[in-house]
Amino acid sequence: MPRTTIIDCDPGTDDAIALWLALGSPELDVKLITVAGGNVGLDRTTANARAVVGLAGKAVPIVAGAERSLMAPFRAETAVHGNDGLGGVMLPEGPPLAPGIAADAIRDLLRASPPASVTVIGLGPVTNLALAFAAEPALVDRVQDLVLMSGAWSEGNITPAAEFNAWNDPEALAILLNLGLKVAIATLDLTFQARVTPAVIEALAAREGGACWRAALAILRALPMSRRMNGQGFPLHDPCAIAWVIAPHLFGVKDAAAEVDCTPGPSRGRTVIDRWNRLGRPANLALMETLDAPRFFDLLAARIAPLP
Ligand code: RIB
Ligand code: CA
């Protein structure tokens, strides 16, 4: 049975590819896409979500949400995603937004679903998800899996200590890590294994596909190479979270306990992940540690290329 799925995102170049991966995968029945600010402002992230879903020809309601975090404005990452949020790749305008506010739409869908039946995937700052569960905590029991691209057990990518999504709303992430769920998390340490190099892009480009696939390839070609990969590649973050749901066999996962540093100062937003159970605390993460990258990229092509 396809999984009833909610995706919260901040498109965002890698969010766009993640959405196409999800929309092209029969394992997922994407019932709702909610949008926050993050990579770029909410006006652009919502326009990008609409365009991505429209290009795929899917009738999934898209609902706008947080334009700032619980405690502060979001900080954008235009150096990676461009001012438009899609690396300058132009897509036709998508369908209009559905009415309402993201956190309410998330709660409405959860409330109407059976227990343990909804897969909730967070690909950006998790403000919308935190607002939903903080307002109605009992809805946690409708969740089958909560899956995030967030955090790092080693160094960050927006500060030395913190990963971009976690840093942009650490209080929201802390709320999700304290719901009593074991959150499946793809940290930077995992997504850095999804290393996109010019050779990877050319191998993917050998596969024919529709407009979504051509747009995904254009986005990959537009993304800047990472200094942390000596300019030879860059990590593909958000599709890793989708891939865990549809192809968990590509991942090595272990339980771990984690907390988020919400203090002001240089460590704010750091995810302190106890990979070796040094503190003996109950696990609140299903921590993705390893990825079969070649088969991950094969999956991307197999699922996105057939889209319109
Ligand atoms: O740190 C990477 C994450 O931040 C990804 O989700 C990317 O889209 C940005 O939101
Ligand atoms: Ca994102």
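Residues numbered from 1 in each chain as written. Chains lettered and ligands numbered in written order. Predicted model: local features only at pLDDT ≥ 70, side-chain atom pairs only at ≥ 80, totals over all residues. Heavy atoms only, no water.

An unreviewed UniProt entry annotates the protein as Cysteine hydrolase originating from Falsiroseomonas algicola.

Caption draft 1: Highlighting the packing of aromatic side chains. Here the structure, examined in full by the defined rule, presents one aromatic pair. Between the aromatic rings of F296 and F297, the centroid separation amounts to 5.2 Å while the plane-to-plane angle is 65 degrees, which identifies the pairing as edge-to-face. The side chain of R275 reaches across the aromatic face of W153, ending 4.0 Å from its centre. (Phe/Tyr/Trp six-rings, centres within 6.5 Å; stacked < 30°, edge-to-face > 60°. Lys NZ or Arg CZ within 6 Å of the ring centre and 35° of its normal.)

Caption draft 2: Structural context of the pattern of salt bridges. Scanning all chains against the criterion turns up 17 salt bridges. Note that R107 and E136 form a salt bridge whose closest N and O atoms lie 3.0 Å from each other. Separated by 29 residues along the polypeptide, R107 in helix α4 (residues 102-111) and E136 in the loop between α5 (127-135) and β5 (143-149) bring together distant segments of the chain. By relative accessible area, E136 is classed as buried at 18%. Put simply, D104, R107, D108, R111 and E136 are held in one network by salt bridges that share partners. (Salt bridge = Lys/Arg side-chain N within 4 Å of Asp/Glu carboxyl O. Helix = DSSP H or I, 4+ residues; strand = E, 2+ residues; numbered from the N terminus. Buried < 20%, exposed > 50% of the residue type's maximum accessible area, 1.4 Å probe, protein only.)

Caption draft 3: Quick look at the UniProt feature "domain: Inosine/uridine-preferring nucleoside hydrolase" (unreviewed entry) in the protein. As recorded in UniProt, the feature "domain: Inosine/uridine-preferring nucleoside hydrolase" (unreviewed entry) lies at residues 6-298. Its end C-alpha atoms 24 Å apart, residues 6-298 is made of 34% helix and 19% strand. (UniProt positions renumbered as here; feature names shortened; annotations may be inferred.)

Caption draft 4: Expanded view of the coordination of the calcium ion (ligand 2). In this structure, D10 (OD), D15 (OD), D15 (OD), L123 (O) and D238 (OD) serve as the protein donors to the calcium ion (ligand 2), at separations of 2.2 to 2.6 Å. Site description for the calcium ion (ligand 2): donor spacing in sequence, D-x4-D-x107-L-x114-D. Residue D15 is located in helix α1 (residues 13-23), and its partner D238 is located in helix α11 (residues 238-246); the two are separated by 223 residues in the primary sequence. Grouping residues by exposure puts D15 and D238 together as buried. (Donors = N, O, S within 2.8 Å, 3.2 Å for Na, K, Ca; no water.)

Caption draft 5: Molecular detail of the nonpolar core. W20, I242, F296 and F297 are the most contacted members of the largest nonpolar core, which has 74 residues in total. For this core, the element with the highest residue contribution is α1, accounting for eight residues. Ignoring anything within four residues of it in the chain, the contact list for I242 reads I7, A18, L21, A22, L28, I121 and L123. Among the nonpolar cores identified, the runner-up in size contains 36 residues, and A105, V118, V120 and L179 belong to it. (Core = buried A, V, L, I, M, F, W, Y, C linked by side-chain atoms within 4.5 Å. Contact = heavy atoms within 4.5 Å.)

Caption draft 6: View of the packing of α4 against α5. Between α4 and α5, whose axes approach to 8 Å, the crossing angle comes to 55 degrees. Taken together, α4 and α5 sit at an angle that is classed as oblique. Where α4 crosses over α5, the two elements pack in a sense that is right-handed. For the pair formed by α4 and α5, the contact residues are A102, A103, I106, R107 and L110 on the first element and N128, L129, L131, A132, F133 and A135 on the second. The residue makeup of the contact of α4 with α5, split by class, is nine nonpolar, one polar and one charged. (Axes fitted to C-alpha atoms, helices over the stretch in contact; angles between N-to-C directions. Parallel < 35°, antiparallel > 145°, perpendicular 65-115°, else oblique. Left-handed = near helix turned anticlockwise from the far one by under 90°. Nonpolar A, V, L, I, M, F, W, Y, C, P; charged D, E, K, R; others polar.)

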